[in-house]
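# Close look at the chain arrangement
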Amino acid sequence: MRRLNQRLVFILLLLAVLAAREIVLQSGPSFLRPGLHLYAYVASVADGAVTVVDLVRLAPVATINAGPSPSGLREHPTRKEIWGVSTGGGYVFVIDAASSRVAANIPVGAAPYALDFSPDGARAYVAASGANTLVAIDCATRQIVARARTGRRPWLARVSPKGDVVVVPNRDDSTVSLFDAATLAPLGTIGVAPRPEQVVILPDGSKAFVSASGTNQISAVDLKRKVLLTNLPLGGPPADLILKPDGGELYVTAPESHGLEIINTQTTEVAESMVLGFAPTHGVLTADATWLYVADAGAGRVTPVAISQRRVMAPVPVGDRPGSCRLDPNESLLLVVNEGSNNLSVIRTRPPQPSLLTMIPVGNHPRDIAVKVF
């Protein structure tokens, strides 16, 4: 009897330890943490709205009027806010996550497409494509604190991981402009491949890689010396740039060549190519760089790739024209925006095989997504 009691005590202690570990590891709400919310925010271009989806209940809970052509959704790193831009309205909007309401509209100039935050979340940077300007916004006061002229049709602004440099690709000039992040003083302009759009910057701030929508190329730029290193040839026009967290590899989707180009960022060369499907576009990488999930807009599916083994797994069917992808903070759910079928696919990523959990209706022509725990 005594031995039985000892076993029972041991089992109860073990269960308590496992429960405590689960509480520590949980980033999202559950019965163990009832005070938290886990929401996805999906911007619908045609509706001028942002749909709020409760990822615990797996249902929409609010629709927010954000203005004409909302895009570029980003969760603020330190504040309970979602930021985005109204491309048609020429302003940044700030959504208060707790109330699911727009807390501020900040005019920035015509045709902004995206925004980026400083590493500490103190500032937001926005390029206004129709006004050829770059602005810096104080996130606490929501006031513009600096402004600069860019080249023609700046596509977006990207802040270096150290927070000292802002990189802006100028689509009509085929250049990138560099600015001091504190003052927006110009630091230099570098010629790159035609019609640059997307930018990723290595963790040490030494290089930037810039996609060229006009050619089958991607440009590598030395940010220290402020020179073009090379224009790397690809199998097709680049769509999405996905940087490995340690900066060692860059994964580039190329829909026209049906695959993925893998760039060695240290040697600045294309190391490998993989065929993934019909038209792979957007992708998202897990924090440990184990899995890469790629949306195939042509085939209506998501392809998981075991990236270290370069192994393509069985695809998961989703909706029509899947685009932007995000993982929840636990990386147990993959969220995929389906632009053609106007819904959000929720995929369970846990072993043994990723599987479609549900599809949730959102607005017309959804394009961007952000995820917030608060």
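For the structure, see preceding data.
Thresholds, definitions, all that
- Residues numbered from 1 in each chain as written.
- Predicted model: local features only at pLDDT ≥ 70, side-chain atom pairs only at ≥ 80, totals over all residues.
- Heavy atoms only, no water.
- Pairing = 2+ DSSP bridges.
- Helix = DSSP H or I, 4+ residues; strand = E, 2+ residues; numbered from the N terminus.
- Axes fitted to C-alpha atoms, helices over the stretch in contact; angles between N-to-C directions.
- Buried < 20%, exposed > 50% of the residue type's maximum accessible area, 1.4 Å probe, protein only.
- Contact = heavy atoms within 4.5 Å.
- Salt bridge = Lys/Arg side-chain N within 4 Å of Asp/Glu carboxyl O.

## Some points on the sheet that holds strand E32 (residues 355-361)
- Here four strands make up an open sheet; going across it, the order is E29-E30-E31-E32 and the pairing antiparallel. Bordering the open sheet on either side are strand E29 (322-327) and E32, each of which pairs with just one other strand. Here the average twist between neighbouring strands, direction ignored, is 25°.
- Sheet topology places E29 next to strand E30 (residues 333-338); four bridges connect them, and they run antiparallel. The residue of E30 that forms the bridge with Cys325 is Val336.

## Some words on the side chain of Ser160
- Looking at where Ser160 falls in the secondary structure, it is placed in the loop between strand E12 (158-159) and strand E13 (165-170).
- When its relative accessible area of 2% is taken as the criterion, Ser160 is described as buried.
- Ignoring any residue separated from it by four or fewer positions in sequence, one finds Ser160 in contact with Pro119, Val165 and Ile201.

## Here's the deal with the pattern of salt bridges
- The full count for this structure, using the stated rule, is 10 salt bridges.
- Notably, a salt bridge pairs Arg152 with Asp173, separated by 2.5 Å at the nearest N-O pair. Of the two residues, Arg152 sits in the loop between strand E11 (143-149) and E12 while Asp173 sits in the loop between E13 and strand E14 (175-180), which places them 21 residues apart along the sequence.
- One salt-bridge network, held together by shared partners, links Arg79, Glu81 and Arg142.

## So, the sheet that holds strand E1 (residues 38-44)
- Pairing within the open sheet is antiparallel, and its four strands lie in the order E3-E2-E1-E33. Two strands close off the open sheet at either side, each with one partner strand: strand E3 (59-65) and strand E33 (366-373). Adjacent strand axes in the sheet meet at a mean angle of 25° when their direction is disregarded.
- By the bridge criterion, seven bridges tie E1 to E33 in an arrangement that is antiparallel. Note that in E33 the partner of Tyr39 across the bridge is Lys372.

Keep in mind these numbers describe shape, not what the thing actually does.
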